[in-house]
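# An overview of the molecular structure
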Amino acid sequence: MTALTLDLHLALELTDEQFEQICRTNRDLRLERTAKGDLIIMPPTGGETGNRNIKLSTRVEIWNSQTNLGIAFDSSTGFKLPNGAIRSPDASWVQLERWQALTPLQRRKFIPLCPDFAIELMSPTDELGDTQAKMQEYLANGLQLGWLLDPDSKQVEIYRPAQPVEILQNPASLSGETVLPGFVLHLQEIL
């Protein structure tokens, strides 16, 4: 099963509140909204992808708990990007100062900013081109560092502002660079 896209923008424009209500009413669905207003219905992941996802989120959270430099998020978190899209990276992180600048209400709803760091993990239901476009969308909306991990090809794409995408074949680890200082993700259980 692959992700389904519902082209609704010509028939109706969902407000953020209406989209949030659809998400609450349909908790069994993972939904995203594109900048055009299309709804993307993503199928649940299989066991291997789910296990990889929890490992990614856990490692980001452990690093964050040790450094207290920001806030880490799992794949169920929605970010309202500056372009209007609402996206949910598989794992993400926001600098503490940016998080603290949000109001309590903003923290409870879809977070109205782009994460500083995001990971997208390819699953068998994902299309590479769609996921690459999602990574470019994050970059265009303020992402500082992003990783697209593809376990099938054992390939990693690294996204940084104003730089070409760096492609690595079967790397042993990835560095959080200056965005997540001291963070190293060992990939033996992920790729």
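For the structure itself, look to the data block above.
## Description of the overall build of the chain
Each helix and strand in the chain was counted, giving 5 helices and 13 strands. Against the globule reference of 16 Å for 191 residues, the chain gives a C-alpha radius of gyration of 16 Å, in line with a compact fold. Seen along its three principal axes, the alpha-carbon backbone of the chain occupies a region of about 45 × 40 × 30 Å. Going through the 191 residues of the chain one by one, you find that 46% of them count as buried. Within the chain, contacts between residues at least 6 apart in sequence are counted, and of these 56% link residues at least 24 apart. Accessible surface computed for the chain: about 9800 Å², of which carbon and sulfur atoms make up 52%. Positive and negative side-chain charges of the chain, numbering 17 and 25 respectively, have mean locations separated by a distance of 5 Å.

## Regarding the nonpolar core
One finds Leu 56, Trp 93, Phe 117, Ile 119, Trp 147 and Leu 149 to be the most contacted residues of the largest nonpolar core, which totals 22 residues. If you list the elements that add at least two residues to this core, you get helix H2 (47–67), strand E7 (91–95), strand E8 (117–121), strand E9 (145–150) and strand E10 (155–159). Not counting residues within four places of it along the chain, the set of residues in contact with Trp 147 comprises Phe 117, Ala 118, Ile 119, Glu 120, Met 135, Glu 157, Ile 158, Leu 174, Ser 175, Gly 176, Phe 183 and Leu 185. Membership of the second largest hydrophobic core comes to 18 residues, among which are Phe 79, Leu 81, Tyr 138 and Leu 139.

## Quick notes on the pairing of E8
Side-chain direction in a regular strand flips from residue to residue, so the side chains alternate between the two faces of the sheet. E8 sits mainly inside the fold: 5 of its 5 residues count as buried. Where E7 lies against E8, 3 bridges are found, and the strand directions are antiparallel. Bridge pairing in E8 links Ser 92 to Ala 118. Bridge count between E8 and E9: 5 bridges; the pairing is parallel. Residue pairing for E9: Phe 117 is matched across the bridge by Leu 145. Regarding the hand of the β-α-β motif, the stretch spanning E8, helix H5 (residues 128–140) and E9 is right-handed.

## Observations concerning the packing of aromatic side chains
One pass over the structure, following the stated rule, counts 6 aromatic pairs. Judged by centre distance (4.8 Å) and plane angle (85°), the ring pair of Phe 117 and Trp 147 falls under edge-to-face. Of the two residues, Phe 117 is situated in strand E8 and Trp 147 in strand E9; the sequence distance between them amounts to 30 residues. Classification of Phe 117 as buried rests on a relative accessible area of 0%. Through pairs of rings, three or more aromatic residues link up here, namely Trp 63, Trp 93, Phe 117, Trp 147 and Phe 183.

## Things to note about the environment of Ala 172
Tracing the sequence through the fold places Ala 172 in the loop between strand E11 (166–169) and strand E12 (173–175). The class of Ala 172 is exposed, set by a relative accessible area of 60%. The sequence separation of Ala 172 and Arg 108 amounts to 64 residues, and the corresponding C-alpha distance is 37 Å.

## Things to note about the pattern of salt bridges
The full count for this structure, using the stated rule, is 8 salt bridges. One salt bridge connects Glu 189 with Arg 59, and the closest N-O pair in it is separated by 2.9 Å. A residue pair is termed long-range when its members are at least 10 positions apart, and Glu 189 in the segment after strand E13 (184–186) and Arg 59 in helix H2 qualify at 130 residues. Linking Lys 134 and Glu 120 is a salt bridge whose minimum nitrogen-to-oxygen distance equals 3.1 Å.

Calculation criteria
- Residues numbered from 1 in each chain as written.
- Predicted model: local features only at pLDDT ≥ 70, side-chain atom pairs only at ≥ 80, totals over all residues.
- Heavy atoms only, no water.
- Helix = DSSP H or I, 4+ residues; strand = E, 2+ residues; numbered from the N terminus.
- Rg over C-alpha atoms; globule rule 2.2 N^0.38 Å.
- Buried < 20%, exposed > 50% of the residue type's maximum accessible area, 1.4 Å probe, protein only.
- Contact = heavy atoms within 4.5 Å.
- Areas by Shrake-Rupley, 256 points an atom, 1.4 Å probe, with all protein chains shown as cover.
- Lys, Arg positive; Asp, Glu negative; His and termini not counted.
- Charge placed at Lys NZ, Arg CZ, Asp CG, Glu CD.
- Core = buried A, V, L, I, M, F, W, Y, C linked by side-chain atoms within 4.5 Å.
- Pairing = 2+ DSSP bridges.
- Right-handed = clockwise from strand over helix to strand, strands pointing away.
- Phe/Tyr/Trp six-rings, centres within 6.5 Å; stacked < 30°, edge-to-face > 60°.
- Salt bridge = Lys/Arg side-chain N within 4 Å of Asp/Glu carboxyl O.

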